[in-house]
Amino acid sequence: MWKRLFIVLAAFDLLAVIAGLLVWNSLPQSGHTPSPTVPVPANAPTVQVDIGADAINAYLAYAIAHDPEVGRVLEAASVQFGDTWVCDFAVKVLDRALPMQFVVTPIVQNGNLILHVDSAQLSFIPIPRSVVLSVLDRASLPSWVQIDGSSQNIALNFTERPPKPFAVRVVQYSPAAQKLSLNLAIPPQTLSQHAP
């Protein structure tokens, strides 16, 4: 008896999500306009930082707890590094946290990070990548984050991100070390603004 009830409940949840996605998909797309590339001066102090999944997870937990925009959408989030990245999210929908998982392949390209979406699932149910990317394309994202549904990529264009307080360039990702290497450049005017 309880198995049938569970299946019926899962079916209702799935139908509600599909209906929500259909409504969401009918909304107009956000007008992302790429911001002009901000040059980093050649004399800007630069430091290379290697970041593991623990540092990203600590940042995600901090953002969920302290950023109202992020906390309104996510209840929890974590990333596991490997040859691919497994990204687990608890997305808030109608006062419930729905578990979502993305598996992405990180690609470093000209100082930017491309996340190729390999698979996506809601709870334990696979969902088409095109649906996920369509939803993300309508989300309010920074102009330097681009969604490309045709290639199923999420582009984090750090070279187009304003360098405040520092500019970020992705150097490499090492699956063996499970570290993402970044160059952080601090423009001299930023240092002079914070000098005593």
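Criteria and thresholds
Residues numbered from 1 in each chain as written. Predicted model: local features only at pLDDT ≥ 70, side-chain atom pairs only at ≥ 80, totals over all residues. Heavy atoms only, no water. Helix = DSSP H or I, 4+ residues; strand = E, 2+ residues; numbered from the N terminus. Contact = heavy atoms within 4.5 Å. Areas by Shrake-Rupley, 256 points an atom, 1.4 Å probe, with all protein chains shown as cover. Phe/Tyr/Trp six-rings, centres within 6.5 Å; stacked < 30°, edge-to-face > 60°. Buried < 20%, exposed > 50% of the residue type's maximum accessible area, 1.4 Å probe, protein only. Pairing = 2+ DSSP bridges. Axes fitted to C-alpha atoms, helices over the stretch in contact; angles between N-to-C directions. Expected span 1.5 Å × (residues − 1). Arc of directions from axis to C-beta. Core = buried A, V, L, I, M, F, W, Y, C linked by side-chain atoms within 4.5 Å.

Time to look at the overall build of the chain. Secondary structure assignment for the chain yields 5 helices and 10 strands. Restricting the contact set of the chain to residue pairs at least 6 apart, pairs at least 24 apart contribute 45%. Surface summary for the chain: the accessible area is close to 12,200 Å², and the carbon and sulfur share equals 63%.

What follows is about the packing of aromatic side chains. Evaluated as defined, the whole model comprises 5 aromatic pairs. Ring geometry for Phe81 versus Trp85: centroids 4.5 Å apart, planes at 20 degrees, classification stacked. Exposure remark for Trp85: the relative accessible area of 5% places this residue in the buried category. Through pairs of rings, three or more aromatic residues link up here, namely Phe81, Trp85 and Tyr173.

So, on to the pairing of strand 7 (residues 145–148). Here strand 7 shows a buried face lined by Val145 and Ile147 and an unburied face lined by Gln146 and Asp148. The pairing of strand 7 with strand 8 (residues 153–156) spans 4 bridges and is classified as antiparallel. The residue of strand 8 that forms the bridge with Ile147 is Ile154. Linking two consecutive strands that pair antiparallel, namely strand 7 and strand 8, is a turn of 4 residues; a positive phi of about 60 degrees is found at Gln152 within it.

Taken together, the 3 strands give an open sheet; going across it, the order is 1-10-9, and neighbouring strands pair in antiparallel fashion. Strand pairing shows two members of the sheet lacking a second neighbour, strand 1 (46–51) and strand 9 (167–174), which therefore form its edges. The average undirected angle you get between the axes of adjacent strands in this sheet is 20 degrees.

This next bit is on unusual backbone geometry. You will see that Gln152, though not glycine, has its phi angle at about 60 degrees, which is positive. With respect to the element layout, Gln152 can be found in the loop between strand 7 and strand 8. Assessed through its relative accessible area of 17%, Gln152 is described here as buried. Of note in this structure, Gln178 is not a glycine but carries a positive phi near 55 degrees. Secondary-structure assignment places Gln178 in the loop between strand 9 and strand 10 (179–185).

What follows covers helix 2 (residues 53–66). Here helix 2 is 14 residues long and its end C-alpha atoms lie 20 Å apart, about the 20 Å a rise of 1.5 Å per residue gives. Residues of helix 2 that are buried include every one of Ala53, Leu60, Ala63 and Ile64, and no others. Summarising the axial view, the buried residues of helix 2 lie within an arc of 95 degrees, below the 170-degree limit, and thus occupy one face. In this structure, helix 2 carries Asp54, Tyr59, Tyr62, Ala65 and His66 as exposed residues pointing more than 90 degrees from its buried face. Taken together, the buried residues of helix 2 touch strand 1, helix 3 (68–73) and strand 2 (74–80).

If you look at the biggest cluster of nonpolar residues, it comprises 34 residues, and the most contacted ones within it are Trp85, Phe102, Leu113, Ile154 and Leu156. Of all the elements, strand 5 (residues 112–122) adds the most residues to this core, at 5 residues.

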